[in-house]
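Tertiary structure, described
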Amino acid sequence: MQVFGLTGGIGSGKSTVASLIEKYGVPVISADELSRMVVAPGTRGLAEVVETFGSEVLGDNGELDRGKLATVVFSDPAKRKQLEAMLHPLIRERFIEVKEVLEQAGNTQLVYEIPLLFENNLEHTVDGVIVVTASEPVRIERVIARSKLRPSEVRRRIDAQIDEATRRKKADYLIVNDGDLVDLQQSVEKMLREYLRPLKDDDGVQEL
Ligand code: ATP
């Protein structure tokens, strides 16, 4: 099974690319979704988080309140590290389970959407990295339209991530998302034709 990381900065269009890729029949696993799954109600992950950080991280409904957890850990780097050390193995475990299910269902390639792939040094865990990129003004405009954040807040988030030039350089395949959604669909089609599918053929797994 070939696993391709899909990454990109805030507002670059990762999730949009992920849903386009899925439309062409290549399964996508989202690291954000996995990170929610491992602390869902009744999980070992949630029990460990509550044991370590206290029940004040729970909302009134007894579920994890991610905002409250963020308040507890973001002001304290040691706690943040502790949380990451707790969740990363659970996310990895869940990823392997989902990957095995997809493999048993006959899939030979999958895309793993990981926003902080480079920041968390995860390149070595995938067979190739697809980076979605767009110019900073375009990304800021998209995020503002979606979230009502102020430009300065978006820029602060951009500054907290790896810089765009480095991200582009580290890509095995780059999708430039400065145009409209039709352009993006064409770029995804090109990526599937020229990058993913030929790799599959090289593997002798499946002809297109
Ligand atoms: P984040 O890291 O912030 O979650 P992302 O990289 O996953 O962002 P998306 O959520 O895919 O980015 O895109 C950000 C916003 O921009 C969305 O509202 C999406 O619909 C829109 N968008 C993405 N690409 C295009 C495009 N080519 N044309 C117009 N809108 C776009």
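Thresholds applied
- Residues numbered from 1 in each chain as written.
- Predicted model: local features only at pLDDT ≥ 70, side-chain atom pairs only at ≥ 80, totals over all residues.
- Heavy atoms only, no water.
- Helix = DSSP H or I, 4+ residues; strand = E, 2+ residues; numbered from the N terminus.
- Rg over C-alpha atoms; globule rule 2.2 N^0.38 Å.
- Buried < 20%, exposed > 50% of the residue type's maximum accessible area, 1.4 Å probe, protein only.
- Areas by Shrake-Rupley, 256 points an atom, 1.4 Å probe, with all protein chains shown as cover.
- Lys, Arg positive; Asp, Glu negative; His and termini not counted.
- Charge placed at Lys NZ, Arg CZ, Asp CG, Glu CD.
- Near = heavy atom within 4 Å.
- Polar contact = N/O pair within 3.5 Å; in protein donor to acceptor, adjacent residues only side chain to side chain.
- Phe/Tyr/Trp six-rings, centres within 6.5 Å; stacked < 30°, edge-to-face > 60°.
- Pairing = 2+ DSSP bridges.
- Domains from an automatic or database assignment.
- Contact = heavy atoms within 4.5 Å.
- Buried area = accessible area lost by both parts, 1.4 Å probe.
- Salt bridge = Lys/Arg side-chain N within 4 Å of Asp/Glu carboxyl O.
- Nonpolar A, V, L, I, M, F, W, Y, C, P; charged D, E, K, R; others polar.

**So, the overall build of the protein chain**
- Secondary structure summary: the protein chain contains nine helices and five strands in total.
- Going residue by residue from the N terminus, the α and β elements of the protein chain occur as β-α-β-α-α-α-α-β-β-α-α-α-β-α.
- Over its C-alpha atoms the protein chain spans a radius of gyration of 18 Å, differing by no more than 12% from the 17 Å that the globule rule assigns to 208 residues.
- With the principal axes as the frame, the protein chain shows a C-alpha extent of 50 × 45 × 30 Å.
- Counting over 208 residues, the protein chain shows a buried share of 40%.
- Surface exposure of the protein chain reaches about 11500 Å², of which carbon and sulfur atoms provide 50%.
- Side-chain charges in the protein chain split into 28 positive and 35 negative, and the spacing between the mean points of these groups amounts to 5 Å.

**Considerations on the site of the ligand**
- Inspection of the region around the ligand gives 14 residues, with Lys14, Ser15, Thr16, Arg146 and Asn177 positioned closest.
- Contact between the ligand and Arg146: an oxygen atom at 2.8 Å from a side-chain N or O atom of the residue.
- Between the ligand and Gly179 there is a distance of 3.0 Å, counted from a nitrogen atom to a backbone nitrogen or oxygen.
- Contact with the protein chains covers 73% of the free accessible surface of the ligand, which is 630 Å².

**Topic: the packing of aromatic side chains**
- Counted according to the given criterion, the structure contains three aromatic pairs.
- Aromatic side chains Phe4 and Tyr195 sit 5.6 Å apart centroid to centroid with 70° between the ring planes, which places their arrangement in the edge-to-face category. One end of the pair, Phe4, is in strand β1 (residues 2-8); the other, Tyr195, is in helix α9 (residues 181-202), and 191 residues separate them in sequence. In this structure, Phe4 and Tyr195 share a single accessibility class: buried.
- Ring pairs connect the aromatic residues Phe4, Tyr173 and Tyr195, which therefore count as one cluster.

**Details of the pairing of strand β5 (residues 173-176)**
- By the alternation rule, side chains of β5 split into Tyr173 and Ile175, which are all buried, and Leu174 and Val176, of which none is buried.
- With four bridges joining them, strand β4 (residues 128-133) and β5 adopt parallel strand pairing. Pairing of Thr133 across the sheet is with Val176, part of β5.

**Some details on unusual backbone geometry**
- Positioned with a positive phi, Asn121 is a non-glycine residue whose angle comes to about 50°.
- Tracing the backbone shows Asn121 in the loop between β3 (109-113) and β4.
- Look at Asn121 and you get exposed, because its relative accessible area is 52%.
- Notably, Lys148 is not glycine yet its phi reads approximately 65°, a positive angle.
- By the element assignment, Lys148 lies in the loop between α6 (136-147) and α7 (151-160).

**A closer look at the domain arrangement of the protein chain**
- Taken domain by domain, the protein chain holds domain 1 (1-27 + 109-197) and domain 2 (31-106).
- Taking only C-alpha atoms into account, the centre of domain 1 sits 23 Å from that of domain 2.
- Contact with domain 1, which involves 10 residues of that partner, is made by 10 residues of domain 2.
- Taken together, both faces of the contact between domain 1 and domain 2 bury some 810 Å²; the carbon and sulfur share is 70%.
- By the criterion of area lost to domain 2, the three top residues of domain 1 are Met1, Leu110 and Tyr112, representing 57% of everything that side buries.
- Linking domain 1 to domain 2 there are zero salt bridges.
- Joining domain 1 to domain 2, the criterion identifies one residue pair in polar contact (both at pLDDT 80 or more).
- Broken down by element, the side of domain 1 that touches domain 2 gets its largest block of residues, three residues, from β3.
- Looking at side-chain class alone, the side of domain 1 that touches domain 2 contains seven nonpolar, two polar and one charged residues.

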